[in-house]
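Take a look at the letters that make up each chain.
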Amino acid sequence: LLLLITPVGLAAGYLKWSAGYVFTLNFLSLVPLALVLGDVTEDLALRYGSVIGGLINATFGNIVEIILSIAALLNGLYGVVAASLLGSILSNLLLVMGCSFFFGGLWNKTQRFNATGNQASGSLLFLAALGFLIPTGAGLLFGGGALVLGISRGTAVVLLLCYACYLGFQLYTHTDLFEVCVCEIGSDGLPADAEEPMLSLVASVGLLTVITLVVAVASEFLTSSLEEFSKTSGLGEAFLGTIVLPIAGNACEHMTAVIVATKNKMDLSMGVAVGSSIQVALFAVPFAVVVGWATGHPFTLFFDPFSALALMLSVAQANFVTAGATSHWLLGVQLIALYVLISIAYFFK
């Protein structure tokens, strides 16, 4: 029944209804699409394993944000690009992972995930945060202009190379660190709780493609109505761009990570939540810098000091709560609480 909201939201955008209706309906239309995407991703994980399944979900979930950020970049909306991408990292790292820990902990008292893979992911996120902090600090200390632009472009190239190394580490050299470990073996030598994929490969890829296209259109209507909705609702553009829009854009990853966490598949859940954060931080953001470099748009990694501080503290807190490679509902509460604190700050900013 929730899928009925989707065509209504798209129709509202095409027929140019008021910004309030367009924004709200398209925001809500992402929820049923996220549920379907979660089922398809879990089905692919059964076929190819949690590593590929999580990577596919993160990629299809972020491709829309990457497209929209490039479109905003080419239109000279550098502030929108920075806010939406930074908000996406915060949303995945705090809200998505926090809800996964919380709801997973309600269904399963204590959950475990791979410690070594988590350590590699956490250190990469910290590296990305430093990569954003260095150009920001240089801009504050030495002034903006060509210096920050040069540092940002060099940093972007390094971060992209690190993401390529991360893919090689995850998919080739150390795949076992990110794969789900099957502990219970039946008398026939097969996993005791083995599940079979319900969809064919063609059907899964087709559904992922269609859902991504629909989400792209709905997201376009969301962003186009942002400015007018901000004026009519009284909510600031910084709050909508950094907090509200990323929640809508990350709805797919959010629902998927929570659903699989309740089924005690924490490696897949972490692959979606943390993997998506890494993909945005190490690929989407530096890719936007490189595209701007190639097209003559001086987009830099200079964020406002509060945003840089919020990102660094979020990465540090996420590393703290995942250090033991175990999770329960209280750790989820801590991550969600930090996200609420940052949201309050942006609300009054």
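Note that the structure is predicted; figures quoted are calculated from it, not measured.

Chemist: Explanation requested: the packing of helix H12 (residues 305-321) against helix H13 (residues 329-347) in the structure shown.
Modeler: The relative placement of two packed helices comes down to the angle between their axes together with the axis-to-axis distance. The geometry of H12 relative to H13 is characterised by a closest axis approach of 10 Å and an angle of 175° between their N-to-C directions. The angle between the axes of H12 and H13 places the two elements in the roughly antiparallel class. Facing Phe306, Ser307, Ala310, Leu313, Ser314, Gln317, Ala318 and Val321 of H12, the residues of H13 in contact are Leu331, Gln334, Leu335, Leu338, Ile342, Ala345 and Tyr346. Split into classes, the residues belonging to the contact of H12 with H13 amount to eleven nonpolar, four polar and no charged.

Chemist: Is there a simple way to think about the environment of Leu171 in this case?
Modeler: As for its placement among the helices and strands, Leu171 is situated in helix H6 (residues 146-173). What Leu171 contacts, discounting residues up to four positions off in sequence, is Val51, Ile52 and Leu55.

Chemist: How should I be thinking about the packing of H6 against helix H11 (residues 266-295) in this particular structure?
Modeler: The interhelical angle for the contact between H6 and H11, taken along N-to-C directions, is 140°, at an axis separation of 8 Å. Judged on the interaxial angle alone, H11 and H6 are oblique. The handedness of the crossing between H6 and H11 comes out as left-handed. Of H11, the residues touching H6 (which contributes Ser152, Arg153, Ala156, Val157, Leu159, Leu160, Tyr163 and Tyr166) are Gly275, Ile278, Gln279, Ala281, Leu282, Phe283, Pro286, Phe287, Val289, Val290 and Trp293. Of the residues in the contact of H6 with H11, the class split is 15 nonpolar, three polar and one charged.

Chemist: Explanation requested: H11 in the structure shown.
Modeler: For the α-helix, the turn length of 3.6 residues means that residues three or four positions removed from each other point alike. Helix length check: H11 (30 residues) gives 41 Å between terminal C-alpha atoms against 44 Å at 1.5 Å per residue, within 8%. Burial runs high along H11: 23 of the 30 residues are buried. Within two residues after H11, Gly296 carries a phi angle of roughly 80°, on the positive side.

Chemist: Whenever I open this one, the confidence of the model for the chain confuses me. Can you help?
Modeler: As a note on interpretation, predicted positions should not be read in detail where pLDDT is low. Mean pLDDT over the chain: 82, with 89% of residues reaching 70 or higher. By mean pLDDT, the top-scoring element of the chain is H13 (93), and the lowest-scoring one is helix H3 (residues 50-74) (73). In the model, residues 181-192 has pLDDT below 50 throughout and makes nine contacts with residues more than four positions away in sequence or in other chains.

Chemist: Looking at this structure, how should I read the packing of aromatic side chains?
Modeler: Centre-to-centre distance and the angle between the planes together describe a pair of aromatic rings. Enumeration over the complete set of coordinates arrives at 15 aromatic pairs. Between Phe102 and Trp329, the ring centres sit 6.4 Å apart and the planes meet at 85°, which makes this aromatic pair edge-to-face. Remark: Trp329 occurs in helix H13 and Phe102 occurs in helix H4 (residues 78-107); sequence separation between them is 227 residues. Overall, Phe102 belongs to the partly exposed group, its relative accessible area being 24%.

Chemist: I would appreciate a short explanation of unusual backbone geometry in the present structure.
Modeler: Residues other than glycine predominantly adopt negative phi, and peptide bonds predominantly adopt the trans conformation. For Asn264, which is not a glycine, the phi torsion comes out positive at approximately 65°. By the element assignment, Asn264 lies in the loop between helix H10 (251-262) and H11.

Chemist: For this particular structure, what's the right way to read the environment of Leu86?
Modeler: Looking at where Leu86 falls in the secondary structure, it is placed in helix H4. Judged by relative accessible area, Leu86 falls into the buried class, the value being 4%. Considered as a pair, Leu86 and Pro246 are 160 residues apart in the sequence and their alpha carbons are 8.8 Å apart. In contact with Leu86, other than residues within four places in its own chain, are Phe303, Ser307, Leu311 and Tyr346.

Chemist: Could you clarify how one ought to interpret the side chain of Thr242 in this entry?
Modeler: Secondary-structure assignment places Thr242 in helix H9 (residues 237-249). Dropping the residues within four chain positions of it, Thr242 is found in contact with Ala83, Gly87 and Tyr346.

Criteria and cut-off values
Residues numbered from 1 in each chain as written. Predicted model: local features only at pLDDT ≥ 70, side-chain atom pairs only at ≥ 80, totals over all residues. Heavy atoms only, no water. Axes fitted to C-alpha atoms, helices over the stretch in contact; angles between N-to-C directions. Helix = DSSP H or I, 4+ residues; strand = E, 2+ residues; numbered from the N terminus. Parallel < 35°, antiparallel > 145°, perpendicular 65-115°, else oblique. Contact = heavy atoms within 4.5 Å. Nonpolar A, V, L, I, M, F, W, Y, C, P; charged D, E, K, R; others polar. Left-handed = near helix turned anticlockwise from the far one by under 90°. Expected span 1.5 Å × (residues − 1). Buried < 20%, exposed > 50% of the residue type's maximum accessible area, 1.4 Å probe, protein only. pLDDT = per-residue confidence, 0-100. Phe/Tyr/Trp six-rings, centres within 6.5 Å; stacked < 30°, edge-to-face > 60°.

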